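# Breakdown of the fold
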Amino acid sequence: ISRTLADQPDAARQVLARLRVMHSLDDVFDDDPADAPALLERVFDSELSPYGAARITKSGAKVPLTSRQARSLAILVHELTTNSAKYGCLGAFEGSLNVSWHAHGKDIVVDWRERGRNGNPTPVNSSGFGQRIMEAMLRDLDGSITEAAGPDHYTCRITFPQRHDGQRGPSVTD
């Protein structure tokens, strides 16, 4: 990838980072149905652990995910985390992040709330590579995202239907 994209080093780094996420998912998620209730929390643990627990609050009920949902959500959370490190609270000295999730009817709802920004504008609704990745993962989850940003905060809500083994939403290639 680095050779193919030698004239685009930023794109090469982005692709390699996403491939590392995909590779690391095999260690975190397996297809054991007994693990399903813990997958959502493990998605966040996997992506946020490098940033330390002092600034990050996570809370939510045990909500089962299929391994496919966990993988799609992990890539989406990777994009949010990357953006937060570049533009948001994870890149700010005194920033904080609160992530919560719950079941609401037949849906799973994830709330991501950043406070304290690093001064860089947040590219809400941008058309970059990361945004296209997020849109593909949302399609795979059959979900939606609502975003809002200001000078000292960024919030988003991700909503997608609960699924059980054997059920799936539209494929990324649909």
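Conventions we followed
- Residues numbered from 1 in each chain as written.
- Predicted model: local features only at pLDDT ≥ 70, side-chain atom pairs only at ≥ 80, totals over all residues.
- Heavy atoms only, no water.
- Phe/Tyr/Trp six-rings, centres within 6.5 Å; stacked < 30°, edge-to-face > 60°.
- Helix = DSSP H or I, 4+ residues; strand = E, 2+ residues; numbered from the N terminus.
- Buried < 20%, exposed > 50% of the residue type's maximum accessible area, 1.4 Å probe, protein only.
- Pairing = 2+ DSSP bridges.
- pLDDT = per-residue confidence, 0-100.
- Contact = heavy atoms within 4.5 Å.
- Axes fitted to C-alpha atoms, helices over the stretch in contact; angles between N-to-C directions.
- Left-handed = near helix turned anticlockwise from the far one by under 90°.
- Nonpolar A, V, L, I, M, F, W, Y, C, P; charged D, E, K, R; others polar.
- Arc of directions from axis to C-beta.

### Digging into the packing of aromatic side chains
Evaluated as defined, the whole model comprises one aromatic pair. Residues phenylalanine 44 and tryptophan 101 carry aromatic rings whose centres are separated by 5.3 Å and whose planes lie at 5 degrees to one another, so their mutual orientation is stacked. One end of the pair, phenylalanine 44, is in helix H2 (residues 39-48); the other, tryptophan 101, is in strand E2 (residues 96-104), with 57 residues separating them in the sequence. Judged by relative accessible area, which is 4%, tryptophan 101 ranks as buried.

### Comments concerning the pairing of strand E1 (residues 56-60)
Note on strand geometry: in a regular strand, side chains alternate between the two faces of the sheet. The sheet contact formed by E1 and E2 spans five bridges and is parallel. Bridge pairing in E2 links serine 59 to serine 100.

### Section: the confidence of the model for the chain
In low-pLDDT segments, the atomic positions of the prediction should not be examined closely. Looking at the chain, pLDDT values average 79 and 68% of them are 70 or higher. In the model of the chain, helix H1 (residues 9-28) stands out as the element of lowest mean pLDDT, 58, in contrast to strand E3 (residues 107-115), which has the highest, 96. Confidence over residues 166-174 falls short of pLDDT 50; this stretch has 16 contacts with residues more than four positions distant or in other chains.

### Topic: the packing of H2 against helix H3 (residues 67-87)
Taken N-terminus to C-terminus, the directions of H2 and H3 make an angle of 30 degrees; their axes are 9 Å apart at the nearest point. Of the two elements, H2 crosses H3, and the hand of that crossing is right-handed. Within the contact between the two elements, H2 uses Leu39, Leu40, Val43, Phe44, Glu47 and Leu48 and H3 uses Ser67, Ala70, Leu73, Ala74, Val77, His78 and Thr81. In terms of residue class, the contact of H2 with H3 is made up of nine nonpolar, three polar and one charged.

### Some words on the sheet that holds E3
In spatial order, the strands read E1-E2-E3-E5-E4; together these five strands make up an open sheet with mixed pairing. The two strands at the open ends of the sheet, each matched to only one other strand, are E1 and strand E4 (144-150). With direction set aside, neighbouring strand axes in the sheet form an average angle of 10 degrees. By the bridge criterion, nine bridges tie E3 to strand E5 (residues 153-161) in an arrangement that is antiparallel. Across the sheet, the residue bridging to glutamate 114 is tyrosine 154, located in E5. Its contacts with the sheet put H2 on E1, E2 and E3, and the angle it makes with E2 is roughly 165 degrees.

### As for H2
Within H2, the full set of buried residues consists of Leu39, Leu40, Val43, Phe44, Glu47 and Leu48. One face of H2 carries all of its buried residues, which in axial projection span an arc of 160 degrees.

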